Amino acid sequence: MPDTAAASVPDLAGWGIDLSRYSVFVPSDPFEDRVGPFFFHVGADTRAADAVHCVLPTHAAHANYAGGVHGGALLTFADYALCLVAGRAADGGTNSSFALTVSIACEFVDAAKIGPPLEARGEPLQVTGRLAFARGRITQEGRTIALWSGVCRHVARAKAMARKEENAPRHIEASAAPQVVPAGFELFDKASAYSRGIGPVYVRREENGASLVQPTSPHMCNSGGALHGGYMMSFADTAITRAAALTTDMAPSTISFAAEFLSAGEPTAPITTRVEIPRRGKSIAFLRGLLEQNGRALLSYSATMLLRPKA
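Residues numbered from 1 in each chain as written. Predicted model: local features only at pLDDT ≥ 70, side-chain atom pairs only at ≥ 80, totals over all residues. Heavy atoms only, no water.

## Structural notes on the layout of surface pockets
Just so we agree on the cut-off: Definitions used for this entry: grid spacing 1 Å over protein atoms alone; cavity, a set of points where a 1.4 Å probe fits but cannot get out; pocket, an open set with protein on both sides within 12 Å along at least 5 of 7 lines; lining residue, one with an atom within 4 Å of a point. Grid points are joined across faces, edges and corners, and a volume is the space filled by probe spheres set on the points. Numbered from the N terminus, helices here are DSSP runs of H or I no shorter than four residues, and strands are runs of E no shorter than two. Residues are sorted three ways: Asp, Glu, Lys and Arg are charged, Ala, Val, Leu, Ile, Met, Phe, Trp, Tyr, Cys and Pro are nonpolar, and all the rest, Gly among them, are polar.
Taken as a whole, the largest pocket encloses approximately 1,200 Å³ of empty space. Contributions of two or more residues to the lining of the largest pocket are made by α2 (71-91), β7 (186-187), β8 (202-206), α5 (229-248), β10 (251-261) and β13 (296-308). Top element by residues in the lining of the largest pocket is α5. It accounts for 6 residues. Here the residues of the lining of the largest pocket are counted per class, giving 22 nonpolar, 11 polar and 11 charged.

## Focus on the packing of aromatic side chains
Within a pair of aromatic rings, the relevant descriptors are the distance that separates the centres and the angle that separates the planes. Note the cut-off: Between the rings of Phe, Tyr and Trp (Trp by its six-membered ring), a pair exists once the centres lie within 6.5 Å; its type follows the angle of the planes, with under 30 degrees stacked, over 60 edge-to-face, and the other angles tilted. Think of it in three bands: with a 1.4 Å probe and only protein chains considered, a residue is buried below 20% of the maximum accessible area for its type, exposed above 50%, and partly exposed in between.
Tallied over the entire structure, the rule returns 7 aromatic pairs. Ring geometry for Phe25 versus Phe40: centroids 5.6 Å apart, planes at 45 degrees, classification tilted. Of the two residues, Phe25 is situated in the segment before α1 (30-35) and Phe40 in strand β1 (residues 39-42); the sequence distance between them amounts to 15 residues. Residue classification places Phe25 among the buried residues on the basis of a relative accessible area of 18%. An angle of 70 degrees between the planes, with centres 5.8 Å apart, marks the rings of Phe31 and Tyr231 as edge-to-face. Taken together, the residues span a long stretch of sequence, with Phe31 in helix α1 and Tyr231 in helix α5 at a distance of 200 residues. Of the two residues, Phe31 and Tyr231, neither departs from the other in class, the shared state being buried.

## Side note on empty space enclosed by the protein
Summed over all chains, the structure comprises 1 cavity of 30 Å³ or more. In this structure, the largest cavity spans a volume of roughly 60 Å³. What lines the largest cavity is simply His70, Tyr194, Ser195, Ile198, Val201, Gln214, Tyr231, Ser234, Phe235 and Thr238. Within the residue set of the lining of the largest cavity, elements represented by two or more residues are α4 (193-198) and α5. Looking at the lining of the largest cavity, the element that brings in the most residues is α5, giving 4 residues. For the lining of the largest cavity, a count of residues per class yields 5 nonpolar, 5 polar and no charged.

Okay, structure coming up:
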């Protein structure tokens, strides 16, 4: 995989990282380009622990309400790291396979700041004919920010790209049509910088939860032309945060998040989700939801959130 162009490489020398030795995905990934850029370096033995080093330079567009890095950005970075660690273990570093997340779990250990880069490393656990299992961590300036683990399905990259080309004409035609937000939803005009950078979100308060809708567009896709896993988890993280805030009137932050990917989404119609809060206490809430598109289930997710009094 070719090195990144020198003009596009941030200077991270102050953190001991020389990004001129790192690469970016080729072909480009629209959602990762939107959120990133993300960089990676792969060692000689791709099945060894910590052989893959991923870097995300942080900036203001990653911010949550508190001014730290948004949980959706961390989930996207965890998904990126999982797919690289698992995918490169599966294809021996040749970039001949395309890794698709089947499931992922992430525990948030500490808050991440805007400014210092985030780093991710991982360990392949098992590679089979179709699946690859891995786990790892996200750090910032030596502090552990999050722990992640997951399963990817690996397919031939040539096959994934051929499918993208086959679907492209239909996606182009469908994405040109206006996407209608159902009645009863209001624009969430106080969304965080990270959420605003992705696209408008519409919310409807429900009994013991909330429903959210977001129109989709091509910048929300992966390099294969389907909705990016990090994008869908970012939308889900926004949904659980908003549902918890509306229901509890407190300031929520995600402690843990788990997701199962049920089917691929397309940039042709809005995605919707209904968040439920099966149980909550004075400082902890448990949430779950299902992300759908045109009545088809895309992502099942659950989360645990810490509740604090609003400042």
